[in-house]
Amino acid sequence: MKYSLFSSEENGNLNMLARGLVSDLETENAEIRYETESCVITIKLDKPDYREALEAAIATLTHPEYGKLSDISEIDAVGHRTVHGGDKFIGSVLIDEVVIAKMEQCIDLAPIHNPANLEGICQAMFLLPATPQVAVFDTAFHQSIPIRARVYALPYEYYERHGIRKYGFHGTSCQYASQQVCQLLKCSLEQSRIVICHLGNGVSVTAVDCGRSVDTSLGYTSVGGVMMGTRCGDLDPGALLAIMKEQDLNVKETDLILHRQSGLLGVSGVSNDMQTICKLAEEGHQRCQLAIEMFTYQLKKYIGAYAAVMSGIDILVFTGGIGENSSLIRSMAAANLGFLGIVIDPERNQEKMSRDTVISVDGAAATVVVIKANEEKMIAQEALTIVKGLKTEQAVLLK
Ligand code: ADP
């Protein structure tokens, strides 16, 4: 469970005051790592459930020595990252019981993420009952994807009646990265064709044309597109049916294979973690080498496809744990794409990226940039916007 505290400045900028991570919830290894610009603190926790984890997080923020708040009542709003809003949410919303009921209907669309998101929201509402809570959906940014890219070529009723369609994920990260990269390059978001490679445990490639998402590699669920840590990515649906038939697998067993046993882990046979895979590949592990080749080949295909979709590419962004830290993956994914104007500078690509950095050669038609993922800031921004709207509404009512 990650958390961050922002304050808004008079000019509207958001300033991060503190951040933290509670890891290994509900286990004996649980701990909370909290940092501000002047301290890093680690505290052991005893098998915390969600509520206890959140209580511990709030306690760091209000701690008399290293906290940044004197009281929790100083929190004006809580923004929650929420993975799947289905077709029920097209933007961020103030959370109430109706919203929670609608979110519960979306659980099947993201079975790994949505229940945890909901649990976090319920506990935050319990611990901060007077504070507005805002849900920021990862799917919202992709609502602009045109119908031709949204519908699967199944019988149309599955789209119309059952909502089986592309939703997309990592929208909050894409929204942040596209705004941030244009600020960095001092160019207009409304006139830029951007491909964003969000490469973490989950992976997506997104085409952002004039500030709007026009296609993205993840679809109805978060298992398609480019292969991921344990998720398979795109495959021939016929292959899936063959596996189910031959091994007499039910839906649950098949789901486990697709979500938990495939991707980097499935191909390498040893790990879902890209850093480990890269290390083993360097030592000569052939299936790790293959996993890297497949991963970067698939990325390259999506970059090319989305450049075609937008009739060209002005900016290529790498973000997320792999995108920010692996020069090898960046260079392999972008290799031989000079015909699209993408040429990475090997020296710039090797630099340790402590901040957002341009890694393409000067004068290339497309600028390649590493952007540090900062979904938190985007979420805080959205929460603030919604709460300001709320305040205006209340002000109008009072009049
Ligand atoms: P999440 O999607 O869960 O937020 P992250 O964005 O933190 O995850 O990305 C995690 C991935 O980044 C892991 O596969 C990890 O191995 C990978 N990663 C982090 N540092 C490196 C590195 N130096 N080289 C290769 N992969 C890295």
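Structure: above.
Sequence order as written defines residue numbering, which begins from 1 separately in each chain. In keeping with the model being predicted, local features are shown solely for residues with a pLDDT of at least 70 and side-chain atom pairs are shown and tallied solely at 80 or more, while totals for entire chains, interfaces and linings include all residues. Side-chain figures throughout are based on the complete set of non-hydrogen atoms in the structure, without hydrogens or water.

Sorry if this is basic, but what is going on with the site of the ligand here?
The full set of residues close to the ligand is K2, G200, N201, G202, D273, M274, Q275, G320, G321, I322, N325 and S326. What qualifies as a polar contact is a pair of N or O atoms within 3.5 Å, subject to a donor-acceptor requirement within protein and to the restriction that residues adjacent in sequence count only when both atoms come from side chains. Here an oxygen atom of the ligand sits 3.0 Å away from a polar atom, N or O, in the main chain of M274. Residue I322 places a main-chain N or O atom 3.3 Å away from an oxygen atom belonging to the ligand. Computed with a 1.4 Å probe, the accessible areas rest on the Shrake-Rupley method; for each residue, only the protein chains presented here act as cover. Protein contacts shield 70% of the accessible area of the ligand, which totals 580 Å² for the unbound molecule. Numbered from the N terminus, helices here are DSSP runs of H or I no shorter than four residues, and strands are runs of E no shorter than two. Those elements that place two or more of their residues in the shell around the ligand are α10 (274-282) and α12 (320-325). If one sorts the elements of the shell around the ligand by residue count, α12 sits on top with four residues. Residue polarity is assigned by list, with Asp, Glu, Lys and Arg as charged and Ala, Val, Leu, Ile, Met, Phe, Trp, Tyr, Cys and Pro as nonpolar; anything else, Gly included, falls into the polar class. Counted by class, the shell around the ligand contains two nonpolar, eight polar and two charged residues. The rule for a residue being near a molecule or strand is that one of its heavy atoms must lie within 4 Å of it.

Can you walk me through the state of the cysteines in this structure?
Two cysteine sulfurs form what is called a disulfide whenever their separation falls within 2.5 Å. By the definition in use, this model includes zero disulfides. For C122, which is in no disulfide, the shortest distance to another cysteine sulfur is to C106 and amounts to 14 Å.

Explain a nonpolar patch on the surface here, please?
Any residue with relative accessible area above 30% and no salt bridge may belong to a patch, with like charges joined within 9 Å and the nonpolar Val, Leu, Ile, Met, Phe, Trp and Tyr side chains within 5 Å. By convention in these notes, a salt bridge is any Lys or Arg side-chain nitrogen within 4 Å of a carboxyl oxygen on Asp or Glu. Residues Y152, L154 and Y158 make up a contiguous nonpolar surface patch of roughly 270 Å² in combined accessible area. When you line up the elements, Y152 lands in the loop between α4 (147-150) and α5 (156-160). Relative accessibility decides the category of a residue: with a 1.4 Å probe and only protein chains considered, values under 20% of the type maximum give buried, values over 50% give exposed, and everything between is partly exposed. Look at Y152 and you get partly exposed, because its relative accessible area is 30%.

Please explain the pairing of strand β3 (residues 31-36) as it appears in this structure.
Residues in a regular strand point their side chains to alternate faces of the sheet. Residue alternation in β3 divides its side chains into a buried set, I32, Y34 and T36, and an unburied set, E31, R33 and E35. Note on pairing: two strands pair once DSSP finds at least 2 bridges between them. Direction of pairing for β3 relative to strand β4 (residues 39-44): antiparallel, over a ladder of six bridges. Counted as the bridge partner of E31 is K44 from β4.

Can you help me understand the sheet that holds strand β6 (residues 93-94) in this one?
Adjacent strands of a sheet form backbone hydrogen bonds with each other and so pair up, either parallel or antiparallel. Taken together, three strands build an open sheet; the order of strands is β5-β7-β6 and the sheet is mixed. This sheet does not close on itself; its edge strands, each paired only once, are β5 (78-82) and β6. Here β6 pairs with strand β7 (residues 133-137) via two bridges, running antiparallel. Bridge pairing in β7 places V93 opposite A135.

Help me understand the side chain of S213, please; the structure alone is not making it clear to me.
Among the structural elements, S213 can be located in strand β10 (residues 212-216). The criterion used for residue contact is that any of the two residues' heavy atoms lie within 4.5 Å. Setting aside anything within four residues of it in sequence, one finds S213 in contact with F141, H142, S144, I145, T206, A207 and V208.

Sorry if this is basic, but what is going on with the packing of helix α11 (residues 286-309) against helix α13 (residues 327-334) here?
Relative placement of two packed helices is described by the angle separating their axes and the distance separating the axes. One can describe the packing of α11 onto α13 by two numbers: an axis separation of 8 Å at closest approach and a directional angle of 50°. The orientation of α11 with respect to α13, classified from their angle, is oblique. Both α11 and α13 take part in a crossing whose hand is right-handed. In this structure, α11 uses I292, E293, F295, T296, L299, K300 and I303 to contact α13, whose residues at the interface are L328, I329, M332 and A333. Among the residues forming the contact of α11 with α13, the class breakdown is eight nonpolar, one polar and two charged. Here an angle of 0 to 180 degrees is reported between the N-to-C directions of two axes, which are lines fitted to C-alpha atoms, with helices fitted over the stretch in contact. To sort the angles, those under 35 degrees are grouped as roughly parallel, those over 145 as roughly antiparallel, those from 65 to 115 as roughly perpendicular, and the leftovers as oblique. By definition, any crossing whose near helix is turned counterclockwise from its far helix by less than a right angle is left-handed, and any crossing with a clockwise turn is right-handed.

I would appreciate a short explanation of the environment of Q350 in the present structure.
Here Q350 is to be found in helix α14 (residues 346-350). Overall, the relative accessible area of 57% leaves Q350 in the exposed class.

It is not clear to me how the packing of aromatic side chains should be interpreted in this structure. Could you clarify?
Note on aromatic contacts: the rings of Phe and Tyr and the six-membered ring of Trp form a pair at centre separations within 6.5 Å, being stacked when their planes are under 30 degrees apart, edge-to-face when over 60 apart, and tilted otherwise. Applying the stated criterion to the full structure yields five aromatic pairs. On the basis of an interplanar angle of 10° and a centroid distance of 4.3 Å, the ring pair of F89 and F137 is categorised as stacked. Taken together, the positions of F89 in the loop between β5 and β6 and F137 in strand β7 put the pair 48 residues apart, joining distant regions of the chain. Neither residue differs from the other here; F89 and F137 are each classed as buried. Here the guanidinium or amino end of R51 rests over the ring plane of F126, the centre of that ring lying 3.6 Å away. Placement of a positive charge over a ring is assigned whenever Lys NZ or Arg CZ falls within 6 Å of the ring centre and within 35 degrees of the normal to the ring plane.

Which parts of the structure should I look at to understand the packing of helix α1 (residues 50-61) against helix α3 (residues 114-127)?
The contact between α1 and α3 brings their axes to 9 Å, and the two run at 60°. Considering their axes alone, α1 and α3 lie oblique with respect to each other. Considering the relative orientation of α1 and α3, their crossing is right-handed. Counting all contacts with α1, which are made through Y50, R51, L54, E55 and I58, the residues of α3 involved are A116, E119, G120, Q123, A124, F126 and L127. Looking at side-chain class alone, the contact of α1 with α3 contains seven nonpolar, two polar and three charged residues.

What's the story with the pattern of salt bridges in this structure? I'm lost.
Scanning all chains against the criterion turns up eleven salt bridges. Notably, a salt bridge pairs R33 with E35, separated by 3.4 Å at the nearest N-O pair. By relative accessible area, R33 is classed as partly exposed at 39%. By relative accessible area, which is 28% here, E35 ends up partly exposed. With a shortest N-O distance of 3.9 Å, E375 and R81 are connected by a salt bridge. With a gap of 294 residues between them, E375 in helix α15 (residues 375-398) and R81 in strand β5 connect regions that are remote in the sequence. Here E375 falls in the buried class, since its relative accessible area comes to 15%. With a relative accessible area of 32%, R81 lands in the partly exposed category.

How should I be thinking about unusual backbone geometry in this particular structure?
Leaving glycine aside, a negative phi is the common case for residues, and trans is the common case for peptide bonds. At D24, a position not held by glycine, the phi torsion is positive, near 55°. Within the element layout of this structure, D24 appears in the loop between β2 (14-23) and β3. Positive phi, close to 65°, is recorded for E26, a residue that is not glycine. Positionally, E26 belongs in the loop between β2 and β3.

Just geometry here; none of it tells us what the structure is for.
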